[in-house]
Amino acid sequence: MNAYKPLLETCAKALLGLGLIVLSIWALERDGQFEEEYDSNNHPKKRWEYLYHMADAGTPIDIVVLGNSHAYTGLSPEYLSAATESNAFVLANNGSNVADVYWNLKELLTLHTPKLVALETYTINHDDHGNMSQDMLVNQIRAFNTRRNPGIRRASLFSLFPIDDVPIATSEAVRNHHYVWEGFPERPKQTPIDFDKRYLGRFIRFTSGITDSLLTAYEEFGPSVEGAERTISDECFSYTARIAELCDANGIELVLFTLPMYEKHVANAEVWMQLYADLAHELNVPYLDLQTQGDMASHPGYFENTLKGNQHMTLQGSIRAADELGHYIDSLYPGELHQRADEEEWKKYHMGNRGMLVYATPSAADPSVQVISNGIKAPDFDIDQILLTDVPGNPDIQELWVRIHNYKKLLTTSDKDLILRFDFRMKDNPVMDISLRIPRYELVQRNDMAVFRRTINRLEIVKLKAVALAVKE
Amino acid sequence: MLFNSITFLVFFALVFVAYWGLMAKNLRWRNAFVLVCSYIFYGWWDWRFLSLIFISSLSDYLIGQRMEAAAEGGRRTKPWLVLSLVVNLGILGVFKYFNFFMDSLQYGLHGLGLDGTDWRLDIVLPVGISFYTFQTLSYTIDIYRGQLRASRNPIAFFAFVSFFPQLVAGPIERAKDLLPQFSVKPVFDRAAIRSGFTLALWGLFKKVVIADRLALFVDAAFDEPAGMGSGTAAVALLFFAFQLYLDFSAYSEIAIGIARMLGIRLSTNFKRPYLADSFGQFWSRWHISLSSWFRDYLYIPLGGNRGGATRTWRNIMIVFLLSGLWHGASWNFVLWGSLNGLFLIALDPLVIRPLRRLKTVGRVLQAIVVTLCWTLSLGFFRAQGWDGAVAAYSALGNSGEAFAVKGMSAAEFNLLLGLLGGMMAVEWIHEKWPVLVERLHTSHFLVRWTVYYSLSMAIVLLGSYGMNVADAQFIYFQF
């Protein structure tokens, strides 16, 4: 033992020195001086704040949508919730890959018991934690530090970061050491999160679609993304398989789905999508491809106006995507996963969710919705409901929503408007009669139901007189 | 694996414990362990190029023995030396210079109105190839000269060629200095470990805190040299001079430090070159292991200064031209080397010598002239290609544009100036009172630990690293 004494002493000194440095760094960051500058757009943090709050408040989460920025911009959890009569939450971080997604799910399962996980495939790509770009590293660090569970954070550390990045990932003082010479940022008082407002993880980033000039640019420059060059790294494959195992172990259904990019944005999309189809097949999970199947990829209005590789979806696209995914989930598990349509608490939670006007019956307690009628049988179809709703921020106008079903023989294509004839009164004016043409709400494209919507001036509907379908003008 | 990475810190901690705890007692184990660690260290970057080190080591190991046997048998040894040169310089030529010579040939043919075939190899330059090639060449040349016995211990010889602390960026060790150390059982010497650790920590501080911060300005300036004003261009060149010195000397110090912690002594590579008061002295202080290699294996065999002024000048120019080419396969490096050769030939006698009459003021002026001329030459060294160099030098005359801080905030720039001032003060103290630095290793533990702690915390809090800073390789890795 004596022979090892000098070595042991040296090692002990080295550990002591290292401990001293670690202790000093810990002491430096204790008072929060090295915290990141206030960022009102820290959505990963907001998502976890809500997830923990929802767990505390007993608000269940039935469907979790996992992915990256494509998922949280490209899918409306509000519409998905309404379409599936459940609570859907998008837990996605920008720029992250599927390893981060796995650890997110792992922590989420300590709080909630979802019945279905929908994994968006853009996060399953060629990346692995050993070759992260600077942007990806920044995002991954932010996402890592917004998770709260210390055990899962520790377990995930070395699978998310190369060893050289561990200090900057785990220590604010190391990460933001430049404050020392550049000055510590002023910290504006942060507004506490208003948990009374419903938040399901989405971020509306793009509200207008592709412009004509970009459409012309596609002709000139060609597609921005070469689908045939896309690959799935071993790490991404492995973590997707781990997600499947985790879901299986917790009795959760897993669905893979791809949110589209504009059809002219991607070359050889079918080759790319085949990768995911094969992956889904290998994992024995269902897969919904919205890139090459259906018509979503052909609508310029659904997509961010950019030639950059990772084109996101707009608000309109995200509503349509929720419709498609919701319909797909319904077809896979009819009535098995979510049956909250009759729960008044669920309806109240979704007050103000416009998806409820499309797919469900809004809460009777919702002061912004006026039920004009429900359950009318017309000769060629049935009317589920006619609603008149307020438009937030504009008291002079309202929206008229009509949902019909049982029309299959008549409406194989969406080429019809709804004609509604009724008596109405505006302010103190006398009652008048009108035939109103209401166009189809294009963001819902189903065979078993159709929704019509129109903005009108504020009025009072006195009496419904007739309803009919007419070919679009 | 970079010295300035957590990966290396973990790697070295494991190596250190295993080395002294398990391997040091048995010489063969120790050498085998060093060899394995060195191959892991190099293979971490790209394992495929281990084959080049292996070929170089194997060929020189065998050639050394054959050469010695030939000498003892009275046979000619030169063919063996030629074979060694062909193998080593052949590998170097293919991987480092083939594309350069082909491009130059293509350019020349094009100038003559001829179209040559576009012969280029799609290859990467193996890290450190110039360093270990010169190191292993010194072995066969020394045997040829009868100054060294051939090694009969393949493990020790392979470990000598690939010894990881100095494998990728030197110091370029001579076989007669390093190889015998692989035949002696190492002794756990606390004083050596302490001084090695201090040196490595100091090197890391220089690299991470100063050199990498200088790089922010320099990289931003040289990325777009055309728009720079004269002040910005001058500062960029001066900063690059300091970056190059601090970066490379830091690597050498870390290499020497960690080797010393393993009981192996490496040679000094830098001796405060920016305090040199002549060009001749500068080259005896800058990259000493390379300068002395060229002196011993090229300059002196060419005749050195023994054949009159003209012959001496010719020899100097050959050495500097090849030294430039050693640094990089481009005409920029050839010009850089030639320029420094000219400085040595012309400015030492014409400018430096007359200044000596001014005593102290003269010495200061001499050091300034040497540093400024060296700095000026570095435009060729740093710029991307001929056009980049022209743009950088043209910017020096662009007085229309105001000085602009590049690649960093004003606060960072001020911090940098302070650090550079402090650095030069330390250099001067070291020059004047070298014993002061030596005394640190034997001082009270509180003093030593204060120094260790301060340097470590400075690296953490003042270092140029993080999410928005690109990983900083050592500059000399590219050679």
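Only a predicted model underlies this, so the values are computations on that prediction, with no experimental measurement involved.

Chemist: Just checking my understanding: could you explain the overall build of chain B for this structure?
Modeler: A count of helical and extended segments in chain B gives 19 helices and 0 strands. Scaling as 2.2 N^0.38, a compact globule of 479 residues should have a C-alpha radius of gyration of about 23 Å, and chain B matches this with 23 Å. Seen through its C-alpha atoms, chain B measures out along the principal axes to roughly 70 × 70 × 50 Å.

Chemist: Could you clarify how one ought to interpret the overall build of chain A in this entry?
Modeler: Of the regular secondary structure elements, chain A holds 16 helices and 14 strands. A principal-axis box enclosing the C-alpha atoms of chain A has dimensions of 105 × 50 × 45 Å. The buried share of chain A, taken over its 473 residues, is 39%. Considering only intrachain contacts with a sequence separation of at least 6, the fraction spanning at least 24 residues in chain A is 74%.

Chemist: Please explain the pairing of strand β5 (residues 253-258) of chain A as it appears in this structure.
Modeler: The side chains of a regular strand alternate, first on one face of the sheet and then on the other. Residue and element names in this part refer to chain A. Burial within β5 is extensive, with 5 of its 6 residues counted as buried. Pairing analysis gives 5 bridges linking strand β3 (residues 116-120) to β5, with the strands arranged parallel. The residue of β5 that forms the bridge with Glu120 is Phe257.

Chemist: Sorry if this is basic, but what is going on with the packing of helix α9 (residues 190-223) of chain B against helix α19 (residues 445-462) of chain B here?
Modeler: Two measures define how a pair of helices packs: the angle their axes make with one another and the distance between the axes. Residue and element names in this part refer to chain B. Relative orientation of the contacting elements α9 and α19 amounts to 20°, with a least axis distance of 9 Å. Taken together, the axes of α9 and α19 are roughly parallel relative to one another. Considering the relative orientation of α9 and α19, their crossing is left-handed. Two secondary-structure elements touch here, α9 through Leu201, Trp202, Leu204, Phe205, Val208 and Val209 and α19 through Tyr452, Leu455, Ser456, Ala458, Ile459 and Leu462. Within the contact of α9 with α19, the residues separate by chemical class into 11 nonpolar, 1 polar and no charged.

Chemist: What should I look at first to understand the domain arrangement of chain A in this one?
Modeler: Interface size is commonly expressed as the accessible surface area that is lost when the partners come together. All names here are of chain A. By domain assignment, chain A separates into domain 1 (1-30), domain 2 (35-332) and domain 3 (367-471). Each of domain 2 and domain 3 was reduced to a C-alpha centroid, and the two centroids are 36 Å apart. Each partner contributes to the interface: domain 2 provides 5 residues, whereas domain 3 provides 4 residues. Tallied by class, residues from the side of domain 2 that touches domain 3 come to 1 nonpolar, 2 polar and 2 charged.

Chemist: It is not clear to me how the environment of Arg153 of chain A should be interpreted in this structure. Could you clarify?
Modeler: Residues and elements named next belong to chain A. Tracing the chain through its elements places Arg153 in helix α7 (residues 150-160). Distance in space between the C-alpha atoms of Arg153 and Lys106 is 10 Å, their sequence separation being 47 residues. Beyond its immediate sequence surroundings of up to four residues, Arg153 is in contact with Phe144 and Arg147.

Chemist: I'm lost on the interface of chain B and chain A in this one. Help?
Modeler: Taken together, the contact between chain B and chain A spans 24 residues of the former and 26 residues of the latter. Sorting the residues of the side of chain B that touches chain A by element identifies α1 (6-23), α9, α17 (410-432) and α19 of chain B as the ones contributing at least two each. Partitioning the side of chain B that touches chain A into residue classes produces 15 nonpolar, 7 polar and 2 charged.

Chemist: What am I meant to see in the domain arrangement of chain B here?
Modeler: Residue and element names in this part refer to chain B. Split by domain assignment, chain B resolves into domain 1 (6-188) and domain 2 (191-478). Placing the centre of domain 1 and that of domain 2 at their C-alpha centroids yields a distance of 26 Å. For the side of domain 1 that touches domain 2, the secondary structure elements donating two or more residues are α1, α4 (78-111), α5 (129-144) and α7 (164-167). With 4 residues, α5 is the single largest residue contributor to the side of domain 1 that touches domain 2. For the side of domain 1 that touches domain 2, the class distribution of residues is 16 nonpolar, 5 polar and 3 charged.

Chemist: I tried to follow the nonpolar core on my own but got confused; where do I start?
Modeler: Soluble globular proteins: nonpolar side chains tend toward being buried together. Formed by 239 residues in total, the largest nonpolar core has its most connected members in Val65, Leu66 and Val117 of chain A together with Phe160 and Ala236 of chain B. The dominant element in this core, judged by the number of residues it contributes, is helix α10 (residues 230-261) of chain B, at 20 residues. Not counting chain neighbours up to four residues away, the residues in contact with Val65 of chain A comprise Ala71, Leu75, Pro77, Ala88, Val90, Ala92, Ala118 and Glu120 of chain A.

Chemist: Could you clarify how one ought to interpret the confidence of the model for chain B in this entry?
Modeler: For residues with low pLDDT, the predicted coordinates do not support detailed interpretation. Residue and element names in this part refer to chain B. Per-residue confidence for chain B averages 89 on the pLDDT scale, and 97% of its residues sit at or above 70. The secondary structure element of chain B with the lowest average pLDDT is helix α18 (residues 434-442), at 82, and the one with the highest is helix α6 (residues 154-162), at 95. Across the whole predicted complex the pTM is 0.82, and at the interface the ipTM reaches 0.83.

Chemist: Any chance you could explain the environment of Ala391 of chain B here in plain terms?
Modeler: Residues and elements named next belong to chain B. Its location among the elements puts Ala391 in helix α16 (residues 385-395). Distance from Ala391 to Gly379, taken between C-alpha atoms, is 9.5 Å for residues 12 residues apart in sequence. Once you skip the residues sitting within four places of it in the chain, Ala391 turns out to touch Pro225 and Ala226.

Chemist: Mind showing me how you'd approach the sheet that holds strand β9 (residues 382-391) of chain A here?
Modeler: Consider a sheet: its strands pair through backbone hydrogen bonds, and that pairing is either parallel or antiparallel. Residues and elements named next belong to chain A. Read across the sheet, 4 strands follow the order β8-β9-β10-β13 without closing on themselves; strand pairing throughout is antiparallel. In this open sheet, the two strands that pair with only one neighbour each are β8 (369-377) and β13 (449-457). Neighbour-to-neighbour, the strand axes of the sheet open up by a mean angle of 15°, direction not taken into account. Pairing analysis gives 9 bridges linking strand β10 (residues 394-405) to β13, with the strands arranged antiparallel. Bridge assignment links Glu399 to a residue of β13, and that residue is Thr455.

Chemist: I tried to follow the sheet that holds strand β7 (residues 287-289) of chain A on my own but got confused; where do I start?
Modeler: Residue and element names in this part refer to chain A. The 5 strands are arranged β2-β1-β3-β5-β7 in an open sheet whose pairing can be described as parallel. Each edge of the open sheet carries a strand with a single partner, namely β2 (88-92) and β7. Strand after strand, the sheet turns through a mean of 20° between neighbouring axes, direction not considered.

Chemist: It is not clear to me how the pairing of β3 of chain A should be interpreted in this structure. Could you clarify?
Modeler: Within β3 of chain A, 5 of the 5 residues are buried, which leaves it mostly tucked inside the rest of the structure. Residues Leu116, Ala118 and Glu120 of chain A point to one face of β3 of chain A and Val117 and Leu119 of chain A to the other, with burial holding for every one of them.

Chemist: Honestly, unusual backbone geometry in this entry has me stumped. Any pointers?
Modeler: It is generally the case that most residues other than glycine have a negative phi and that most peptide bonds are trans. Positive phi, close to 55°, is recorded for Glu85 of chain A, a residue that is not glycine. If you trace the backbone, Glu85 of chain A turns up in the loop between α4 (77-84) and β2. At His287 of chain B, a residue that is not glycine, the phi angle is positive and equals roughly 40°. Along the polypeptide, His287 of chain B turns up in the loop between α11 (279-285) and α12 (288-299). Assessed through the 23 C-beta atoms surrounding it within 10 Å, His287 of chain B is described here as buried.

Chemist: How do you make sense of the packing of α9 of chain B against α10 of chain B when you look at a structure like this?
Modeler: Residue and element names in this part refer to chain B. Orientation of α9 relative to α10, taken along the N-to-C sense of each, is 155°, at an axis distance of 7 Å. Taken together, the axis directions place α9 and α10 in an arrangement best described as roughly antiparallel. Judged by the twist between their axes, the crossing of α9 over α10 is left-handed. Residues that form the contact of α9 with α10 fall into these classes: 26 nonpolar, 7 polar and 5 charged.

Chemist: How should the environment of Ala24 of chain B be read in this particular structure?
Modeler: Residues and elements named next belong to chain B. Locating Ala24 in the fold gives a position in the loop between α1 and α2 (27-46). What makes Ala24 partly exposed here is the crowd of 19 C-beta atoms within 10 Å. The spatial distance from the C-alpha of Ala24 to the C-alpha of Gly263 is 9.6 Å, given a sequence separation of 239 residues. With near-sequence residues (within four places) excluded, Ala24 lies in contact with Tyr19, Arg30, Lys185 and Pro186.

So, how was this worked out
Residues numbered from 1 in each chain as written. Chains lettered and ligands numbered in written order. Predicted model: local features only at pLDDT ≥ 70, side-chain atom pairs only at ≥ 80, totals over all residues. Helix = DSSP H or I, 4+ residues; strand = E, 2+ residues; numbered from the N terminus. Rg over C-alpha atoms; globule rule 2.2 N^0.38 Å. Buried ≥ 20, exposed ≤ 12 C-beta atoms within 10 Å, placed from the backbone. Contact = placed C-beta atoms within 7 Å. Pairing = 2+ DSSP bridges. Axes fitted to C-alpha atoms, helices over the stretch in contact; angles between N-to-C directions. Parallel < 35°, antiparallel > 145°, perpendicular 65-115°, else oblique. Left-handed = near helix turned anticlockwise from the far one by under 90°. Nonpolar A, V, L, I, M, F, W, Y, C, P; charged D, E, K, R; others polar. Domains from an automatic or database assignment. Core = buried A, V, L, I, M, F, W, Y, C linked by C-beta atoms within 7 Å. pLDDT = per-residue confidence, 0-100.

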